[in-house]
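Letter by letter, the chains look like this.
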Amino acid sequence: MRDTKDTENRRPLPDAEADGIIEGRNAVIEALRVGTPMDKIYIAKGETDKTLGHIASKARSAGIVVVEADRRKLDNMSRTHAHQGVIALAAVREYATVESILQAAADKGEPPLLVVCDEISDPHNLGAILRTAECAGAHGVIIPKRRSAGLTAIVAKTSAGAVSYMPVARVPNIPALLKDLKKQGVWVFGTAADGNTTLYQADLKGPAAIVIGSEGTGMTRLAAENCDFLVSIPMKGKISSLNASAAAAILLYEAVRQRG
């Protein structure tokens, strides 16, 4: 992306860099105007500029997450070194809805198989989960709006193209989502080292949502409390935990085995 104002003003649709970054006030305003899918917009903390306030308001009304960030963070993210206090991360595709994912499973006559990512912040892990979910025939992946990687270019690259086929929904609250899924007859299986159900005892043949916790701390307490089952994966070595994407792969392919 060139860093001249003239280029920003005349560009009909801002092109994100390979890493999905859109920088500068004019570029971000134009991206919002034409409806470019956005993952997040970072705005310099403490700024009282009216233009930045307008960007934040327009983004929030469109359901885009707005994050106040230290200027040093923006400087580190910037490719042009002329971000003007605002950087947007473009999403590589539109987010789906939970309802559309469940409907797609129903249209196929299949019990839904969902992956719920509870604060997976590493884009490489999220991309790997999308790739495995697509290969395993899952119907969709659900992530939270905040404290999570989104559908950025890094995620798309790591997913090896799976992001083009695997619907991803984004919700404001994971515990509330799990409660709603249970009301709709979906069994919720959380992964936990101290789970009371072993992997091979878990019945994944019916409607199922597999919850994968964050890389460092696992599932949040409220997410764990809203699971029907806490599933443990057998560990025979000296290391007591698996990478989040590896745990997702193991549960997904146990579901594939059980469903035939």
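Residues numbered from 1 in each chain as written. Predicted model: local features only at pLDDT ≥ 70, side-chain atom pairs only at ≥ 80, totals over all residues. Heavy atoms only, no water.

Student: Hey, could you go over helix α8 (residues 174-183) for me, with residue numbers and the actual values?
Tutor: Within the sequence span of α8, burial applies to I174, P175, L177, L178 and L181. Buried residues of α8, viewed axially, fall in a sector of 155 degrees; they line one side. Immediately downstream of α8, the backbone of G185 shows phi near 90 degrees, a positive value. (Buried < 20%, exposed > 50% of the residue type's maximum accessible area, 1.4 Å probe, protein only. Helix = DSSP H or I, 4+ residues; strand = E, 2+ residues; numbered from the N terminus. Arc of directions from axis to C-beta.)

Student: Account for the pairing of strand β2 (residues 38-44), naming residues and giving values.
Tutor: Most of β2 is tucked away, with seven of its seven residues classed as buried. For β2 and strand β4 (residues 86-90), the ladder comprises five bridges, and the chain directions are antiparallel. Pairing of K40 across the sheet is with L89, part of β4. Here five bridges tie β2 to strand β3 (residues 65-69), and the two strands are oriented parallel to one another. Note on β3: the bridge partner recorded for A44 is A69. Where the polypeptide runs from β2 across helix α3 (residues 50-61) and back to β3, its parallel neighbour, the crossover connection is right-handed. (Pairing = 2+ DSSP bridges. Right-handed = clockwise from strand over helix to strand, strands pointing away.)

Student: An account of the packing of helix α2 (residues 25-33) against α3 is requested, with residue identities and associated values reported.
Tutor: Their axes nearest at 11 Å, the elements α2 and α3 cross at an angle of 25 degrees. Relative to α3, α2 is oriented roughly parallel. With respect to the hand of their crossing, α2 and α3 are arranged in left-handed fashion. Residues R25, V28, I29, L32 and R33 of α2 lie in contact with α3, whose contacting residues are T51, L52, I55, K58 and A59. Considered class by class, the residues forming the contact of α2 with α3 number six nonpolar, one polar and three charged. (Axes fitted to C-alpha atoms, helices over the stretch in contact; angles between N-to-C directions. Parallel < 35°, antiparallel > 145°, perpendicular 65-115°, else oblique. Left-handed = near helix turned anticlockwise from the far one by under 90°. Contact = heavy atoms within 4.5 Å. Nonpolar A, V, L, I, M, F, W, Y, C, P; charged D, E, K, R; others polar.)

Student: Can you tell me about the environment of A128, naming the residues and giving the values?
Tutor: Inspection of the secondary structure puts A128 in helix α6 (residues 123-136). Considering only alpha carbons, one finds A128 and L113, 15 residues apart in sequence, at a separation of 17 Å. With residues near it in sequence (within four places) discarded, A128 still touches T158 and S245.

Student: I'd like a description of the pattern of salt bridges, backed by residues and values.
Tutor: Taken as a whole, this structure holds eight salt bridges when the rule is applied. A salt bridge links R33 to E30, with the nearest nitrogen and oxygen atoms 2.5 Å apart. Separated by three residues within a single helix, R33 and E30 lie in helix α2, roughly one turn from each other. In this structure R33 comes out as exposed when scored by relative accessible area, which is 56%. Among the ionic pairs, E254 bridges to R257, the shortest N-O distance being 2.7 Å. You can see E254 and its partner R257 sitting in helix α10 (residues 244-259), three residues apart, about one turn around the helix. (Salt bridge = Lys/Arg side-chain N within 4 Å of Asp/Glu carboxyl O.)

Student: Explain the nonpolar core to me, using residue names and the numbers behind them.
Tutor: Among soluble globular proteins, nonpolar side chains are generally buried collectively. Of all hydrophobic cores here, the largest spans 35 residues; its most connected members are V115, C117, L130, V141, I212 and L252. Here this core gets six residues from one element, more than from any other, and that element is α10. Core analysis: the second largest hydrophobic core is formed by 20 residues, L114, V116, A192 and V211 among them. (Core = buried A, V, L, I, M, F, W, Y, C linked by side-chain atoms within 4.5 Å.)

Student: Hey, could you go over the side chain of T152 for me, with residue numbers and the actual values?
Tutor: For T152, the location among the structural elements is in the loop between β6 (140-144) and α7 (153-158). The contacts of T152, once residues within four sequence positions are left out, are D39, L89, A90 and V92.

Student: Would you mind going over the state of the cysteines in detail, with residue names and values included?
Tutor: By the definition in use, this model includes zero disulfides. For the unlinked cysteine C117, the closest cysteine sulfur is that of C227, found at 13 Å. (Disulfide = S-S within 2.5 Å.)

Student: Tell me about α10, and please be specific about residues and values.
Tutor: Here α10 contains 16 residues, and its C-alpha end-to-end distance of 23 Å stays within 8% of the 22 Å for a straight helix at 1.5 Å per residue. Of the residues making up α10, those classed as buried are A244, S245, A247, A248, L251, L252, E254, A255 and Q258. Against β5 (113-117), α6, β8 (187-191), β10 (208-212) and β11 (229-232) lie the buried residues of α10. One or two residues past the end of α10 sits G260, with phi positive at roughly 75 degrees. (Expected span 1.5 Å × (residues − 1).)

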